[in-house]
Amino acid sequence: MSVSDDIGTPRGASIVRSPAALRKRDGRVGRVPLFAYAAVAPTLLIVLAVVGVPLAYSLYLSLHRTNPITKTFIYVGFDNYASLAGNADFAAALGRTAYFAAFSVAGTTVLGLAMALLLNERFFGRGVLRSMVLVPWAMAPVSVGVLWSFIYAGNFGALTGLLNDLGLGGWALPWLGDGFRALNLVALTNVWSQAPLTALMLLAGLQSMPGSLHKAAMLDGAGPVARFFAITLPWLKPNLLFISIIATINSLMAFDILWIMTRGGPGAATTVLSWLGYLTSFQFLRFGQGAAILYCLTALSFVLAIAYFAILGPRRSRPGARPVPPTVDGGVPGARTLAPMAVLPPPRVRPRLPRPVALGLARGGFAIAVLALVLWSALPVLALILMSLTPASDLIRTPATVVPSGLTLQNFQTVLMPSSSGGFSTSVQAQRVPLALINSIVVGACVSLVCIVLGTFAGYAFARHGRSRFFAVSLWGLLLTRMTPGLTLVLPFFIIYRGFGLIDTRTGLIIAYCSFLLPLSAWMMRSYFEGVPVSLDRAALIDGCSRVRMMWSVLLPVVRPGVIAAAIFCFLASWNEFLFALILTSTPNAQTIPVVISGFLSQAQFYEYGPMFAASVLSILPPVLVAFFFQRFLVQGALSGAVKG
Amino acid sequence: MTSITIETVSKSYGAMPVLKGLDIDIRDGEFVSFLGPSGCGKSTLLFCIAGIEAISAGRILFDGQDVSRLAPRDRNIALVFQDYALYPHMAVRDNLAFPLRQQKLGPDVVRRQVDWAAGLLGLEALLDRMPAELSGGQRQRVAVGRAIVRNPAALLMDEPLSNLDASLRVRTRTEIKRLQRELRTTVAFVTHDQEEAMVLSDRVAVMNAGVLQQFAEPMTIYRQPANLFVAGFIGSPQMNFLPGDGAPGGHGAGRLIGVRPFDLVPAGGGPGDGFALTGELALIEPAGPVHYLDVDVGGRMVKATCVDPSGLQPGAALTLTAPRHTLHLFDASSGLRLAS
Ligand SMILES: Nc1ncnc2c1ncn2[C@@H]1O[C@H](COP(=O)(O)OP(=O)(O)OP(=O)(O)O)[C@@H](O)[C@H]1O
Ligand SMILES: [Mg+2]
């Protein structure tokens, strides 16, 4: 690679310098250049200002009792926390949270591992299947919730309909009607939408495994199962550590699908801590106690993260084994008395199926697994598309059936061209869809642009100067902000935004999302820059580039895949975000598509199912396109390990 | 401890043929090297012998038994990989014990055998280290240890020395040779490095583009290369090739004369009986024990050697001679060696 070709400046440009300039240069050798500080400054300032203040404010809230009517704050110390100890609702919610999280983490890990192992094999159509598998994760939790609540819906839901069509109507149940069953089904839905993320990250780990390890183990006599446990699992251990931490945080903080699917019910059967915190804060307006509940959630994720580190963390070296310096390889064993060779029994002859039979069985099993994966990932999404093309009246037929009476684009017409939809009176909610789509696109585009520009610079500085104290501390600070649940921040955000007149503006949403996603993009870019040799920077500087020019002409082209990956992750996260959009907007002006979809549910008009599914299909369109066209970049992004959401 | 017979073995990846009808017969206890340029299919051949890759045509026999359809673990073969493929999460001891544990041997036997291999390779002090804590040479020894610990029928090595520095490489190859003598194992050894192949092997198989070029004792390959490829590939600096019609001595058109630089010396400095060339000395390159002379013979650069360059002047005319029996004669169109 010729660095100097990429740069317009002639080589000699940096040679002629005044002695003063040279002296100045000398003084900087070995220290962190000013450029690095300038590169991280915007990211740090934005995150500090936009997340730091609400964080402090919500901590402050959790130490007070508030009266929303008189607007008085009474300092109560840790009373809010102490009162939770004896609170039966809290204890029950804690138990449900533990169950929900355990179910989700176990489910996503096992399923994600299976998916990753399948998708790591070479077979025809692997690329398409990889994309297909990603769709449930890429689509918004709100759309996931809408889809699965209709599948499970009592009398007219798709699952009941399918059973009816298969003549198994007797098996139909009020799926979400029973408390414990509802909790399990919501957790299963969570697994459905989160397992692809685990699979993605494990796939990245599998791809970094040298192929020779498995070949060596094969020759050493290990069969497929022994190889999985002796080679693959230990290799994935560092990934599994990260994955289980992320999966745990994600399931502890799960909120969107609960909001859509059960709203904590029936009764309190699905009231987990995040929902209880939401209720306490926003229904009962006990902000102090709500914040305290949510901070318990944060504390729980910290404790669990530490526990995972203890269990899965890097193995400590055995005492006495470490301090031996690498010996010089002179110790050629010569006239030493050797231990005698053990007498080995002749190699075992395993009873085996004839190879063609064994191969056939393996192929068949593999094909079945692939087919199951296709059905698991694609069938529900196809059902959503089918429902959006079904006449609205079909969707509430009883007895339910999944066979539509006909296909129509009416639903899409209703939401996309509200005025022209003839005799139908378009509902208020449906009229909001076009603007919501535009809002989502504008917000997503602005957020990803800001995040990749600032995140690239910050990631560069973190990668090159991560050793220096300032950068190490601020990097961990950034990551910690990603461990706090959005629910704790949303109330202070609301209050502060009201003060600044940012409620109901796209600008407000963009600022909020940037502050969450900048740490993510900075982290991803840092990982990417760490793979770029420092000599490239040096070559550019020696060739006379300024540092900005070095970034632009030399490094940016090299890290472009990483930039694309970061942009995709930021766009998806902002497109799919629900909670902040819900709280920080109240009129259609700035409402994004997840909010409008959720509005269909609040509006509770049965015949609106059609337009709601049409809106949902439109909302998953960009994530699906991303999954299909940028799947390669998503795997790359997962390699950088720190993906959340 | 087993002989390996490769019968018209072919292998292709998709539509691309990598091995084309190889016939190689490795005797029991023999040390054979596969030598060839990068990408010629050496690793692929080893993988086929080990059973990691299935062959597309032909047969592989161990001691006369067809093993082509056996799974790798049923062939009782060990392979040392170019990157060693040590299990990164296992200490050296566990790496060595892994193949034994897979055979469900008792802990007692495993410990004794690990101690034996560690003693043989001087690994006793390293048994509790992780692979990441070892130097390149130490890793190489662990990899060899893991390969021999279960007493395999044959030992395959894929460029096991290419990651070592020059001096360590020379030392290690002596050790490998010693080990092979002691264990009397059949060894198939892949290398890029012709010197390594010549020093180590009982016989060398030279390959190019998936085709076997010559399979013979090292000095036979050096002295009687079977074709132009082998003649050019073996020996450094490369053999000089001169058209038969232009050269003195009248070997005739359609033939090429090959002469190694070490056989070509300034006239008067050696036994100048038969073959002689005259040209203009272009360059003298000192190379330790000898000096290389670049001589321009009618627009063609010819490399020769001399021990004492004093009295030679670049730019001056120089006559080179070579003993007649050192000349190699090739058919220009087929590339095959002609009996001279
Ligand atoms: N899994 C594979 N799929 C497709 N082609 C392959 C595969 N493995 C190797 N090849 C091709 O087969 C040819 C031979 O490869 P091989 O690794 O055997 O070469 P080699 O002689 O060992 O080379 P080197 O000395 O560089 O290791 C090469 O052209 C290579 O590109
Ligand atoms: Mg190779």
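If you look chain B up in an unreviewed UniProt entry, it shows as ABC transporter ATP-binding protein from Lichenibacterium ramalinae. As its UniProt record puts it under Sequence similarities (unreviewed entry), chain B is described as follows: "Belongs to the ABC transporter superfamily."

Taking an unreviewed UniProt entry as the reference, chain A is identified by name as ABC transporter permease subunit belonging to Lichenibacterium ramalinae. Of chain A, the UniProt comment under Sequence similarities (unreviewed entry) reads exactly: "Belongs to the binding-protein-dependent transport system permease family." Its UniProt record gives chain A a comment under Subcellular location (unreviewed entry), which states: "Cell membrane".

K.L.:
Can you walk me through the overall build of chain B in this structure?
P.N.:
Per the secondary structure count, chain B includes eight helices and 19 strands. Within chain B, contacts between residues at least 6 apart in sequence are counted, and of these 65% link residues at least 24 apart. Here chain B has roughly 13,500 Å² of accessible surface; of this, 52% comes from carbon and sulfur atoms. In chain B, 33 positive and 35 negative side-chain charges are present, and the distance between their average locations comes to 5 Å.

K.L.:
Which parts of the structure should I look at to understand the packing of helix H2 (residues 92-102) of chain B against helix H3 (residues 107-121) of chain B?
P.N.:
The description of two helices packed together rests on the angle between their axes and the distance between the axes. Residues and elements named next belong to chain B. Packing of H2 against H3 leaves a shortest axis separation of 9 Å and a crossing angle of 125 degrees. Judged by the angle between their axes, H2 and H3 are oblique. In this structure, H2 meets H3 at a crossing whose hand is right-handed. Across from Arg93, Leu96, Ala97 and Leu100 in H2, the residues of H3 making contact are Val110, Gln113 and Val114. The residue makeup of the contact of H2 with H3, split by class, is five nonpolar, one polar and one charged.

K.L.:
Can you help me understand the site of ligand 1 in this one?
P.N.:
Residues and elements named next belong to chain B. As a matter of local geometry, ligand 1 sits amid Tyr13, Met16, Val18, Ser38, Gly39, Cys40, Gly41, Lys42, Ser43, Thr44, Glu159 and His192. For ligand 1, an oxygen atom lies 3.1 Å from a polar atom in the side chain of Glu159. Taking His192, its side chain carries an N or O atom lying 3.4 Å from an oxygen atom of ligand 1. Contact with the protein chains hides 61% of the accessible area of ligand 1, taken as 630 Å² for the molecule alone. Elements with a minimum of two residues in the shell around ligand 1: strand E2 (16-26) and helix H1 (42-50). Across the shell around ligand 1, the residue classes tally to four nonpolar, six polar and two charged.

K.L.:
Please explain the nonpolar core as it appears in this structure.
P.N.:
Generally speaking, nonpolar side chains in soluble globular proteins are found buried as a group. Judged by nonpolar contacts, the single largest core of 219 residues is most densely connected at A:Phe580 and B:Phe34. Among residues more than four places away in sequence, those in contact with B:Phe34 are B:Ile24, B:Ile26, B:Lys42, B:Leu45, B:Leu46, B:Ala188, B:Phe189, B:Val190, B:Thr191, B:Ala205 and B:Met207. Residues B:Ala97, B:Trp116, B:Leu161 and B:Leu164 belong to the second largest nonpolar core, which totals 38 residues.

K.L.:
Before we go on, may I ask you to explain the pairing of strand E17 (residues 317-322) of chain B in this structure?
P.N.:
Two faces, one strand: in a regular strand the side chains alternate between the faces of the sheet. All names here are of chain B. Relative to E17, strand E13 (residues 265-266) is paired through two bridges, and the arrangement is antiparallel. By the bridge assignment, Val265 is partnered in E17 with Thr321. Here six bridges tie strand E14 (residues 275-287) to E17, and the two strands are oriented antiparallel to one another. Looking at the pairing, Gly279 lines up with Leu318 of E17.

K.L.:
Where do I start with the domain arrangement of chain B in this structure?
P.N.:
How big an interface is tends to be expressed through the accessible area that disappears when the partners come together. Residue and element names in this part refer to chain B. Domain boundaries assigned for chain B yield domain 1 (4-227) and domain 2 (237-338). Domain 1 and domain 2 are separated by 39 Å when their C-alpha centres are compared. Listed as interface residues are seven residues of domain 1 and, on the opposing side, eight residues of domain 2. Considering only the side of domain 1, the residues that lose the most area to domain 2 are Tyr222, Pro225 and Asn227, jointly responsible for 71% of the buried surface there. The interface formed by domain 1 and domain 2 contains zero salt bridges. Residue composition of the side of domain 1 that touches domain 2, by class: four nonpolar, two polar and one charged.

Rules used throughout
Residues numbered from 1 in each chain as written. Chains lettered and ligands numbered in written order. Predicted model: local features only at pLDDT ≥ 70, side-chain atom pairs only at ≥ 80, totals over all residues. Heavy atoms only, no water. UniProt positions renumbered as here; feature names shortened; annotations may be inferred. Helix = DSSP H or I, 4+ residues; strand = E, 2+ residues; numbered from the N terminus. Contact = heavy atoms within 4.5 Å. Areas by Shrake-Rupley, 256 points an atom, 1.4 Å probe, with all protein chains shown as cover. Lys, Arg positive; Asp, Glu negative; His and termini not counted. Charge placed at Lys NZ, Arg CZ, Asp CG, Glu CD. Axes fitted to C-alpha atoms, helices over the stretch in contact; angles between N-to-C directions. Parallel < 35°, antiparallel > 145°, perpendicular 65-115°, else oblique. Left-handed = near helix turned anticlockwise from the far one by under 90°. Nonpolar A, V, L, I, M, F, W, Y, C, P; charged D, E, K, R; others polar. Near = heavy atom within 4 Å. Polar contact = N/O pair within 3.5 Å; in protein donor to acceptor, adjacent residues only side chain to side chain. Core = buried A, V, L, I, M, F, W, Y, C linked by side-chain atoms within 4.5 Å. Buried < 20%, exposed > 50% of the residue type's maximum accessible area, 1.4 Å probe, protein only. Pairing = 2+ DSSP bridges. Domains from an automatic or database assignment. Buried area = accessible area lost by both parts, 1.4 Å probe. Salt bridge = Lys/Arg side-chain N within 4 Å of Asp/Glu carboxyl O.

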